[in-house]
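A structural walkthrough
Read off the chains here:
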Amino acid sequence: MAVIHRTTMNPGKLDLLTSWLPSRPWYVPTERGPELAKAGGFRLDDPQGEVGMEFMVVTDGPGDDAVAYHLPLSYRGAPLAGAEHALVGTSEHGVLGRRWVYDGTHDPVLVAQLLALVEGRAEPQAQSESGTPDPTVTRHFSGRGGLSAPTTVAEGPDATDLLVDATGGPEPVASPLTLTVKRVLRAEGSEADGVSAGALGGVVAGWRTPEGRERRGAFAVLSERVR
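This section reports on the structure supplied with the text.

**Here we look at the pairing of strand β9 (residues 152–155)**
For β9 and strand β10 (residues 159–164), the ladder comprises four bridges, and the chain directions are antiparallel. By the bridge assignment, valine 153 is partnered in β10 with leucine 162. In this structure, the hairpin formed by β9 and β10 is closed by a connection of three residues.

**Examining the sheet that holds strand β6 (residues 97–103)**
With antiparallel pairing, six strands are arranged side by side in an open sheet as β1-β5-β6-β4-β3-β2. The open sheet has two edge strands, β1 (9–10) and β2 (36–44), and neither has a second partner. As judged from the two bridges shared by β1 and strand β5 (residues 87–93), these two strands associate in the antiparallel manner. Pairing of asparagine 10 across the sheet is with glutamate 92, part of β5. Sitting on the sheet, helix α2 (residues 108–119) is in contact with β2, β3 (52–60) and β4 (67–76), with an inclination near 85 degrees to β3.

**Here's the deal with the pattern of salt bridges**
Under the criterion given, the structure shown has eight salt bridges. Residues lysine 13 and glutamate 54 are paired through a salt bridge, measuring 2.8 Å at the closest nitrogen-oxygen approach. Residue lysine 13 is located in helix α1 (residues 13–20), and its partner glutamate 54 is located in strand β3; the two are separated by 41 residues in the primary sequence. Taken as a pair, lysine 13 and glutamate 54 share a single burial class, namely buried. When salt bridges with common partners are traced through the structure, they connect Lys13, Arg43 and Glu54 into a single cluster.

Calculation criteria
- Residues numbered from 1 in each chain as written.
- Predicted model: local features only at pLDDT ≥ 70, side-chain atom pairs only at ≥ 80, totals over all residues.
- Heavy atoms only, no water.
- Pairing = 2+ DSSP bridges.
- Helix = DSSP H or I, 4+ residues; strand = E, 2+ residues; numbered from the N terminus.
- Contact = heavy atoms within 4.5 Å.
- Axes fitted to C-alpha atoms, helices over the stretch in contact; angles between N-to-C directions.
- Salt bridge = Lys/Arg side-chain N within 4 Å of Asp/Glu carboxyl O.
- Buried < 20%, exposed > 50% of the residue type's maximum accessible area, 1.4 Å probe, protein only.

What is shown is where atoms sit, not what they do.
Shown next, in the form of structure tokens:
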């Protein structure tokens, strides 16, 4: 179980993201640059208790038209070998010391737990409370067999695609499958709770606009079709 420490990070998460976000291909540029605010999210636990994992939502700009970004982040006590390109930055944690913050779509621990969430083998946790499940985060999986680690990570204009294999099922499936991690979030209708019809699985969660209005949509979608 991850422990949420009531302490500081220097620089803070929003400071790190303000510098990093404009370098992403799915960032929507603004004249004034990023004006970020926390808007929701959830966490997953590392079974080994080593890596912190947060699926953060931030909004950029004022009003209900602010862009909402989904930012999976992993927090490590040492650099992740071979992931220099995915480093968001480093920060001094008031309890844990120096933390290396990564774009979690490139962190094998976070991706493995996200796949476990899709399959129902991991339970989403509240973003700011220790040992508290978050029942507002929903998932479904209608695929066959288990999901293995990704072979390719590809950035698109509004999402990050992870190519994963399905293993152990009784029938052949199109492989690799695509787990599309939504980056620019959009509120969606009630059909399939925000996951498009025909998808093999997905994760749906909520966030808030700067005006405090509740929104809900797909954070990740698993499909047989490569986008």
